[in-house]
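# Overview (structure and organization)
Here are the chains, one letter per residue:
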Amino acid sequence: MRDETKCLHSGYTPKNGEPRVLPIVQSTTYVYDSAAEVAAVFDDPTKGIIYSRFCNPTVMAVEEKIADLEGGVGAMCTTSGQAASLLSILNICKVGDSIVSLPTIYGGTINLFSFTLKKLGIECIYVDSESSDEEIKAAFKENTKLVFGETIANPALKVLDIERFANIAHQMGVPLIVDNTFATPVLCKPFEYGADIVIHSTTKYMDGHAVQVGGVIVDSGRFDWTNGKFPELTEPDESYHGVCYTETYGKMAYIIKARMQLMRDFGVYPAAHSAFLLNLGLETLSVRMRQYCENAQAVAEFLEGSDKVESVIYPGLKSSPDYELSKKYLKGCSGVISFIIKGGREAAARFMDALSLASNEVHVADIRTCVLHPASETHRQLTDEQLKAAGIDGGMIRLSVGLENVEDILEDVKKALDSI
Ligand SMILES: *Cc1c(COP(=O)(O)O)cnc(C)c1O
């Protein structure tokens, strides 16, 4: 199946007389005929469903759809994108370990990496994508367990050279984890370029309608965890009757461990109803993504031509330093544009207030056009240095172009620029 078809049909195929639409299985628990059968499911969690803290048929149908779209062997949904980032890392890192990350990532992820992971004893080493391969490799430590980056960085909109960072990670014996939130598998499938694990905030384009916070971790099944660096996957798990994940589950080792160990213990699993809503969004993901790209390209080109605008960051613009990377990795550059208004913070605020169609809200990737001022909103906890490293200027506006008629969006933007 192609993506459009997967969006509609993967994960759930009704049998004779069953509901056409994915049913909401609103039950915390599942009935078995005998104690022996329950025991068997406990022994091998792939054999059945026990308890909705870590598995539920509605959620699992959505997991299968997302895994299929990304080309992975399995997926696990979480209650937020933040939970997905956290668990994707805790699954292979513990106190005393470190991770290597690009600094051009989501503000919430920077907080998680720089402060909360640090408190858990996991150090984050930031590397610059402008550095040479040798410089980047020199930043790794003996205890480094993974490399992290975003396909299209939020909000810096830098495009990750996935192949390059996958090669570096693999040469250092660790996996590349890619946050593919802004691209979605419709615009980029990071596994095709060597990424090992993909995560998403499904809150954004996947849900698409701003109704449900969620996340997902997808496993490519391709990373070799038996290289000696990941004993938690290769040695008996004493919290799970001595199972060796790589031995028992092979290619599914990472994602099964995430579910059976971390989801069991942290319980950040979405409710069935949340998964149902996410599935509605996924059904139209392909067609929506195409339109987001088309609308955003037109708005980016308009902004670039305006004398009120200092610069526009959108990888689909020929002037973008990431234009070549976008051609290589992306089927379209998604719906988010960052631009810097002449006149800094004040002019940015005036522009935001003068918009009438686009709403001022802390969200991106909504079906409706929305704007955000990162320096005073999402990234306000960051120091000036961190802001700079994340690629954010005081006058920067993040415009998430929606699916309204593009002429209406352009008129609104033009009117707001004229008011400055
Ligand atoms: C929003 C976002 C997150 C965090 O997701 P939540 O669902 O808000 O927890 C992570 N990564 C990226 C790129 C995001 O845009």
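Residues numbered from 1 in each chain as written. Predicted model: local features only at pLDDT ≥ 70, side-chain atom pairs only at ≥ 80, totals over all residues. Heavy atoms only, no water.

## Re the overall build of the protein chain
For the protein chain, the count of helices and strands is 17 helices and 12 strands. Radius of gyration (C-alpha) of the protein chain: 22 Å, near the 22 Å computed for a compact globule of 420 residues. Judged by the C-alpha coordinates and their principal axes, the protein chain covers about 70 × 55 × 35 Å. By residue count, 57% of the 420 residues in the protein chain fall in the buried class. (Helix = DSSP H or I, 4+ residues; strand = E, 2+ residues; numbered from the N terminus. Rg over C-alpha atoms; globule rule 2.2 N^0.38 Å. Buried < 20%, exposed > 50% of the residue type's maximum accessible area, 1.4 Å probe, protein only.)

## Some remarks on the packing of helix α3 (residues 57-70) against helix α12 (residues 272-283)
At a minimum axis distance of 8 Å, the contact between α3 and α12 shows a crossing angle of 30°. In this view, α3 runs roughly parallel relative to α12, as classed from their interaxial angle. Along this stretch, α3 crosses α12, giving a crossing that reads as left-handed. Residue-level inspection shows Thr58, Val59, Val62, Lys65 and Ile66 of α3 in contact with α12, the latter providing Ala272, Ala275, Phe276, Leu278, Asn279, Leu282 and Glu283. Residue composition of the contact of α3 with α12, grouped by class: 8 nonpolar, 2 polar and 2 charged. (Axes fitted to C-alpha atoms, helices over the stretch in contact; angles between N-to-C directions. Parallel < 35°, antiparallel > 145°, perpendicular 65-115°, else oblique. Left-handed = near helix turned anticlockwise from the far one by under 90°. Contact = heavy atoms within 4.5 Å. Nonpolar A, V, L, I, M, F, W, Y, C, P; charged D, E, K, R; others polar.)

## Focus: the site of the ligand
Around the ligand there are 14 residues in total, and Asn154, Asp179, Ser201, Thr203 and Lys204 lie nearest to it. Asp179 is positioned such that a nitrogen or oxygen atom in its side chain is 2.6 Å from a nitrogen atom of the ligand. One nitrogen or oxygen atom from the side chain of Thr203 is found 2.6 Å from an oxygen atom belonging to the ligand. Partitioning the shell around the ligand into residue classes produces 3 nonpolar, 8 polar and 3 charged. (Near = heavy atom within 4 Å. Polar contact = N/O pair within 3.5 Å; in protein donor to acceptor, adjacent residues only side chain to side chain.)

## Some points on α12
The terminal C-alpha atoms of α12, which comprises 12 residues, lie 17 Å apart, in line with the 16 Å expected from a rise of 1.5 Å per residue. Those residues of α12 lying buried are Ala272, Ser274, Ala275, Phe276, Leu278, Asn279, Gly281 and Leu282. In this structure, the buried residues of α12 make contact with α1 (3-9), α3 and α13 (285-304). (Expected span 1.5 Å × (residues − 1).)

## Remarks on the sheet that holds strand β4 (residues 144-150)
The mixed open sheet is built from 7 strands, whose spatial order is β1-β7-β6-β5-β4-β2-β3. Edge positions in the open sheet fall to β1 (74-78) and β3 (123-126), since each of these has one partner strand only. Sheet twist, expressed as the average angle between the axes of neighbouring strands with direction ignored, equals 20°. Sitting on the sheet, helix α5 (residues 107-119) touches β2 (98-101), β3 and β4, and the angle it makes with β3 is about 130°. Contacting β4 and β5 (176-179), helix α7 (residues 162-171) runs over the sheet at an angle of about 150° to β5. (Pairing = 2+ DSSP bridges.)

## Looking at the UniProt feature "modified residue: N6-(pyridoxal phosphate)lysine" (unreviewed entry) in the protein chain
As recorded in UniProt, the feature "modified residue: N6-(pyridoxal phosphate)lysine" (unreviewed entry) lies at Lys204. Structurally, Lys204 can be placed in the loop between β6 (197-201) and β7 (215-219). Discounting chain neighbours no more than four positions away, the residues touching Lys204 are Thr181, His363, Val364 and Ala365. (UniProt positions renumbered as here; feature names shortened; annotations may be inferred.)

## Thoughts on the environment of Lys145
In this fold, Lys145 is placed in strand β4. Accessibility expressed as a relative area gives 9% for Lys145, which makes it buried. In this structure the C-alpha to C-alpha distance between Lys145 and Cys93, which are 52 residues apart in sequence, comes to 6.4 Å. Residues in contact with Lys145, not counting those within four places in the same chain, are Ile92, Cys93, Asp97, Ser98, Val174, Pro175, Lys229 and Phe230. Within the local environment of Lys145, its side chain forms a polar contact with the backbone oxygen of Lys229, the two atoms lying 3.5 Å apart.

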